[in-house]
Amino acid sequence: MTERKSFIRSTEITRRTALGMGLGAGAMALLPGSAQAAPSLTLRYGHNNEPASVAGAQADWFAEALGKSSGGDIAVEVYPASQLGKLQELAEAVSLGSIALSHNTAGGIGSLYAPFAALDTPYLYRDVDHLLKVTDVNSPVMQELNEGLIAAANVRVIYAHYFGRRNLTANKAVYSPADLAGVKIRAVPFPIYTTAVEGMGAVAVPVDWSEVPTALATGVVAGQENPVNVVLSVKLYDVQSHLMLTGHMSNAEMVVMNEDAWQGLSAEQKQAVTTAAEETRIKATNAILDKEGSETDQLRELGMTVIGEDEGLKLEEFRTSVKALVDERFGEKYGDLYAKIAAVN
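What comes next concerns the included structure. (Residues numbered from 1 in each chain as written. Predicted model: local features only at pLDDT ≥ 70, side-chain atom pairs only at ≥ 80, totals over all residues. Heavy atoms only, no water.)

Quick word on the overall build of the chain
When its secondary structure is counted, the chain shows 12 helices and nine strands. By the burial criterion, 57% of the 345 residues in the chain qualify as buried. Carbon and sulfur atoms make up 51% of the accessible area of the chain, which totals about 13,500 Å². (Helix = DSSP H or I, 4+ residues; strand = E, 2+ residues; numbered from the N terminus. Buried < 20%, exposed > 50% of the residue type's maximum accessible area, 1.4 Å probe, protein only. Areas by Shrake-Rupley, 256 points an atom, 1.4 Å probe, with all protein chains shown as cover.)

Some remarks on unusual backbone geometry
A positive phi is found at A81, a non-glycine position, where the angle reads about 55°. As for its position among the elements, A81 is in the loop between β2 (74-79) and α3 (87-96). One non-glycine residue, S82, adopts positive backbone phi at about 60°. Classification of S82 by relative accessible area gives buried; the value is 16%.

What about the side chain of S139?
Within the fold, S139 resides in the loop between α5 (128-135) and α6 (140-153). Reaching out from S139, the side chain makes a polar contact with the backbone nitrogen of M142 at a distance of 3.0 Å. Excluding residues within four positions of it along the chain, S139 makes contact with K133 and V134. (Polar contact = N/O pair within 3.5 Å; in protein donor to acceptor, adjacent residues only side chain to side chain. Contact = heavy atoms within 4.5 Å.)

Regarding the environment of L149
Along the chain, the position of L149 falls in helix α6. Under the relative-accessibility criterion, L149 is labelled buried at 0%. For L149 and L112, which are 37 residues apart along the polypeptide, the C-alpha to C-alpha distance reads 7.1 Å. The residues touching L149, leaving out its near neighbours within four places in the chain, are I109, L112, Y113, F116, N154, V155, R156 and V157.

Let's talk about the packing of helix α7 (residues 191-199) against helix α12 (residues 315-343)
Between α7 and α12, the shortest axis-to-axis distance is 8 Å and the interhelical angle comes to 140°. Between α7 and α12, the crossing angle belongs to the class labelled oblique. Considering only the axes of α7 and α12, their crossing is right-handed. Facing P191, I192, T195, A196, E198 and G199 of α7, the residues of α12 in contact are S321, V322, L325, V326, R329 and F330. Of the residues in the contact of α7 with α12, the class split is seven nonpolar, three polar and two charged. (Axes fitted to C-alpha atoms, helices over the stretch in contact; angles between N-to-C directions. Parallel < 35°, antiparallel > 145°, perpendicular 65-115°, else oblique. Left-handed = near helix turned anticlockwise from the far one by under 90°. Nonpolar A, V, L, I, M, F, W, Y, C, P; charged D, E, K, R; others polar.)

Description of the pairing of strand β8 (residues 242-258)
Of all the 17 residues making up β8, 15 are buried; the element is thus mostly covered by neighbouring parts of the structure. Where strand β3 (residues 101-104) lies against β8, four bridges are found, and the strand directions are antiparallel. Residue H103 lies in a different strand from β8, and its bridge partner there is V255. (Pairing = 2+ DSSP bridges.)

Side note on the pattern of salt bridges
The full count for this structure, using the stated rule, is 12 salt bridges. In this structure, R281 and D136 form a salt bridge, with 3.6 Å as the shortest nitrogen-oxygen distance. Within this pair, whereas R281 is found in helix α11 (residues 267-301), its partner D136 is found in the loop between α5 and α6, the two being separated by 145 residues in sequence. D136 sits in the buried class, given a relative accessible area of 10%. As a salt-bridge pair, R300 and D297 come within 2.8 Å of each other at their nearest N and O atoms. With R300 and D297 both in helix α11 and three residues apart, this pair spans about one turn of that helix. When its relative accessible area of 38% is taken as the criterion, R300 is described as partly exposed. Note on D297: relative accessible area 38%, which makes it partly exposed. Taken together, the shared-partner salt bridges in this structure form one network comprising D136, E278 and R281. (Salt bridge = Lys/Arg side-chain N within 4 Å of Asp/Glu carboxyl O.)

Here we look at the nonpolar core
In this structure, F116, L119, L180 and M254 are the most contacted members of the largest nonpolar core, which totals 68 residues. Grouped together as the second largest cluster of nonpolar side chains are 22 residues, L41, F62, L66 and Y159 included. (Core = buried A, V, L, I, M, F, W, Y, C linked by side-chain atoms within 4.5 Å.)

Here it is in structure tokens:
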């Protein structure tokens, strides 16, 4: 738990996150709040995750925390499980101001401002602590990226929490990239993710998350990649027999808000959002870190065959293969940004 302790220490520093309240002036039709709380502002938060997952639960945690930190002045209504649209649609909805808040992978945010996708580059971070320092909204890297995102799409990241290490699942044992030749693996429908899957030796099939369980059950794809928390919470063990601990990508989930709405907040409301964002960032990150090991054990108990280096997984072959394709496609484009990420200590 060294990484967890380090993260807790680092988050004791006061933050100045920026929170875009994501509804444009014309689109910000305020929803009625409860009679008791009587909020002056109600914001809609749409996302694609199931509420049982940490990524889904943290949206509810943020809503609760903001209600408290604002003294009931701001309410957040959460719409999970792609009720308000798929990943790309949710990203665009925040940009347009039709919803206030959402969360997405850095690769997904890259659809709004391309350099953000670099944060989801496979095998990029030294460890979880490095990831958390880079994706802290006050880091030089994130400040630069956020400025670009605001200018390009009228959206800003208000906080980012640890989402986990992404691993491969399939219906057969996989030990090296050669074992994935011709195998169709679901990829998050953004370029950095299809590159990761192809770099592992598979055929990347872009599929929105809302369609993944069906795609696996019907054989449209033979596998997918996600953190163990997602595999467990969505019961992918029912349709996947093997879990390969490739750890090919360490993710931070980006929580974003519309810039016009952020600018419309009073100083007190901005501070309330900042406080809630930091509280939720810590809670969600620690929830993932605390459970990664035990959730892998749970998947074993539920019948999945778990293959790590001790079981013969050729991790270095995956690392070499993926990095070669990443360098070919993104090395020139993001080389300077990769250098800045590497320099974060």
